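Residue-level structure breakdown
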Amino acid sequence: MVALERVTKTYPKGNLRITALAPLDVTVRPGEFVALQGPSGSGKTTCLLIAGGLLRPDSGKASVDGRDLYAMSRNQLASFRSGNIGFVFQQYHLIPYLTVLENILAPEAAQGEAKDPGRGRALAEQFGLEHRLDHTPGELSAGEKQRTALARALLFNPKVLLADEITGNLDHENAQIVLGFLREYVGSGGAVLLVTHDREVASQAGRVQYLACCTETEAAR
Amino acid sequence: MTVWQLVIKEILRRKPNFVSGLVAVTLSVAVLAGSLTILRLHDLRTEQIVVRKEQETRQRMKLLEDDYRKIMKNLGFNLLIMPADQRLSDFYADEVVSSYMPDSYATRLAQAKIVTIRHLLPSLQEKVKWPERKRTIVLIGTRGEVPSLFRDAREPILVAVPTGHAVIGHELAETLDIKAGDPIILFGRKFIVSQCNEERGSKDDISIWIDLVQAQEILGKPGRINAILALKCHCAGNELAMVRRDVAAVLPGVQVIEQGSKVLTRAEARDRAAREAVEAVAAEVLSRKQVREEQEEFASILVPLVLVMSALWIGLVFYANVRERRSEIGVLRALGARSSTILRLFLTKALLMASTGAVAGYGLGVLVGVIRQGEVSISLFEPRLFVLAACTAVILSLAASWLPAYYAAQQDPAEVLREE
């Protein structure tokens, strides 16, 4: 489902280039829950962004559902991402002026067309947010915000869910609820790639892949 | 959820941002619409003033025309009958007749049944040096009115100067200190001044009127006259040819001209009034044109200045909005939004700002223009002006927001998300 083959990424910093990601192979199959663990700066988020088609790697190949992400044009990639990849972030990234229901339906605006509003309500119900539909993110607890973000990511039934430290701001109880939803999703055939530095969270994944703190510097020229 | 809903929600959430941009659009459109309304009302007012003044002139001219006709009816024309060999150029230059004809012509004319000729006043006049006072005068000998044989006897229009008496022109009386009752010596003869005339502003002011026979003796022209003045002729100016024919049938050796009269004076005054009225209208139009040019010049500086300032302000407002929504844009991109969708998000907002600003600015501008010009009798909705205002608002908003919107659309979502 998700296949990163020998992907690397460096970032410029003055005259130097910081290696964010050494050659890395990651594979997540349908129905598989993979946790990517490593210390800060090990390239976990970079890896996730590459897998989501948001960050072109310096080398290597990134594909989802057999499609080479970076062989597509920007617009093709945007459409593909919309239909196949769901993102969940540690900071939730909910749109502050939209209600819970509207946030769940926000990917429709990103796609430029409104679809079935019933799907948004069903997701809200599924994630225990039915009593919060008209509330804005500012009125939600951290757990509710993350559940809203999760519901939003699943609006178009993506094949892959990419989650970046999604329990980082949650207490243990809410973290378990959210992880429970991820397991449900995996159980329905979805693929999850979860970035975390929390061993306990990682332990709930079917498989854990470790990233060493391999940051290197080399001369830009 | 659509882009449109997202835009509306965002505007409602960040009202100050939208309102500050809206104020700039409104102000620009208001300045444009206000300036054009002021110019439009100025033109309209000029048109009204010209029409009103032309109407007033026409009415005044009509009244003068009526007066003219009444005067014509009551007074008739004054005609001057002179010898045929009198050169009109000399007469018009000197106002004195220098050719002569028998004084019996007056009697022949009086006896002829020409209905248009009335009140005949034969005279002999010559410009001479008054030897006793060393002054150039016009000596006029007159015998008063020649009675008409076929008309009822009426009081003569002018009383003859009695023998041994003289009537003195205003200028002579003033400068020579002559008063009624004073004796004067004229060419060695003694006369009693029976009257000093009021100022007439013509050669009459240097004239002396005496009895015709005495004048003929003094000037050495016995039995001769050189003019017959026909007063109150019952004919209009365009019937002069007919009078000439009638007179020529009786007196073959004469010519007839129209003499200056009250009627002519008034007609001239009327023409002068008409000319002055036309000139006054032209002066008013010129003055208003100058004011319009000044207003136009002011507007040509103010409108572009406000447009540029507003464009800069709107650009800053949108740039601030883009900065504020960095994370939101990054997430939308992560959720599958294309660059064009992000662009649409901001440009739709700009269009909403433009349409709202166009309506508000147009209303405000026209209102200010109307109040400024004190003119409320016009239709406040001028379709062409509104279309211009709307186009200006749209172009201004889109142009000013384009760069920030493009910047937002080109934003790298990975960069934003990594920063978070």
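Up top is the structure.
Read on for an overview of the structure. (Residues numbered from 1 in each chain as written. Chains lettered and ligands numbered in written order. Predicted model: local features only at pLDDT ≥ 70, side-chain atom pairs only at ≥ 80, totals over all residues. Heavy atoms only, no water.)

**Quick notes on the overall build of chain B**
In terms of regular secondary structure, chain B is built from 12 helices and 11 strands. Out of the 420 residues belonging to chain B, those deemed buried represent 46%. In chain B, the share of contacts with a sequence separation of at least 24, taken over all contacts with a separation of at least 6, comes to 81%. For chain B, the accessible area works out to roughly 21,500 Å², and carbon and sulfur atoms hold 58% of it. (Helix = DSSP H or I, 4+ residues; strand = E, 2+ residues; numbered from the N terminus. Buried < 20%, exposed > 50% of the residue type's maximum accessible area, 1.4 Å probe, protein only. Contact = heavy atoms within 4.5 Å. Areas by Shrake-Rupley, 256 points an atom, 1.4 Å probe, with all protein chains shown as cover.)

**A word on the pattern of salt bridges**
All names here are of chain B. With the rule as written, the count across this model stands at 22 salt bridges over all chains. Across the pair Lys179 and Asp177 runs a salt bridge, and its minimum N-O distance is 3.6 Å. Here Asp177 falls in the exposed class, since its relative accessible area comes to 55%. Taken together, the shared-partner salt bridges in this structure form one network comprising Glu10, Arg14, Glu324, Arg325, Glu328 and Lys349. (Salt bridge = Lys/Arg side-chain N within 4 Å of Asp/Glu carboxyl O.)

**Regarding the interface of chain A and chain B**
Taken together, the 31 residues of chain A in the interface contact 30 residues of chain B. Note on chain A versus chain B: buried area summed over both sides is about 2,700 Å², and carbon and sulfur give 62% of it. Contact with chain B buries area across many residues of chain A, yet His93(A), Tyr97(A) and Ala110(A) alone supply 25% of it, more than any other trio. One can count one salt bridge joining chain A with chain B. Between Lys9(B) and Glu102(A) there is a salt bridge, with the nearest N and O atoms lying 2.6 Å from each other. Taken together, the links from chain A to chain B amount to 12 residue pairs in polar contact (both at pLDDT 80 or more). Listed by contribution, the elements that provide at least two residues to the side of chain A that touches chain B are α1 (44–51), α2 (74–84) and α3 (100–111) of chain A. The greatest single-element share of the side of chain A that touches chain B, amounting to seven residues, is contributed by α3(A). Class assignment for the residues of the side of chain A that touches chain B results in 17 nonpolar, eight polar and six charged. (Buried area = accessible area lost by both parts, 1.4 Å probe. Polar contact = N/O pair within 3.5 Å; in protein donor to acceptor, adjacent residues only side chain to side chain. Nonpolar A, V, L, I, M, F, W, Y, C, P; charged D, E, K, R; others polar.)

**Concerning the packing of α3(A) against helix α4 (residues 117–126) of chain A**
Residues and elements named next belong to chain A. Two numbers describe how α3 lies on α4: the axes approach to 9 Å, and their chain directions differ by 120°. Relative to α4, α3 is oriented oblique. The hand of the α3/α4 crossing is right-handed. Seen from α3, the contacting residues are Leu101, Ile104 and Leu105; seen from α4, they are Pro117, Gly120, Arg121, Leu123 and Ala124. For the contact of α3 with α4, the class distribution of residues is six nonpolar, one polar and one charged. (Axes fitted to C-alpha atoms, helices over the stretch in contact; angles between N-to-C directions. Parallel < 35°, antiparallel > 145°, perpendicular 65-115°, else oblique. Left-handed = near helix turned anticlockwise from the far one by under 90°.)

**Considering the nonpolar core**
Judged by nonpolar contacts, the single largest core of 122 residues is most densely connected at Leu161(A), Leu182(A), Leu193(A), Leu194(A) and Phe346(B). With 13 residues, helix α10 (residues 339–373) of chain B is the largest single contributor of residues to this core. Setting aside residues up to four positions removed in sequence, Leu193(A) forms contacts with Val26(A), Val28(A), Val34(A), Leu36(A), Leu48(A), Ala51(A), Leu161(A), Leu162(A) and Ala163(A). (Core = buried A, V, L, I, M, F, W, Y, C linked by side-chain atoms within 4.5 Å.)

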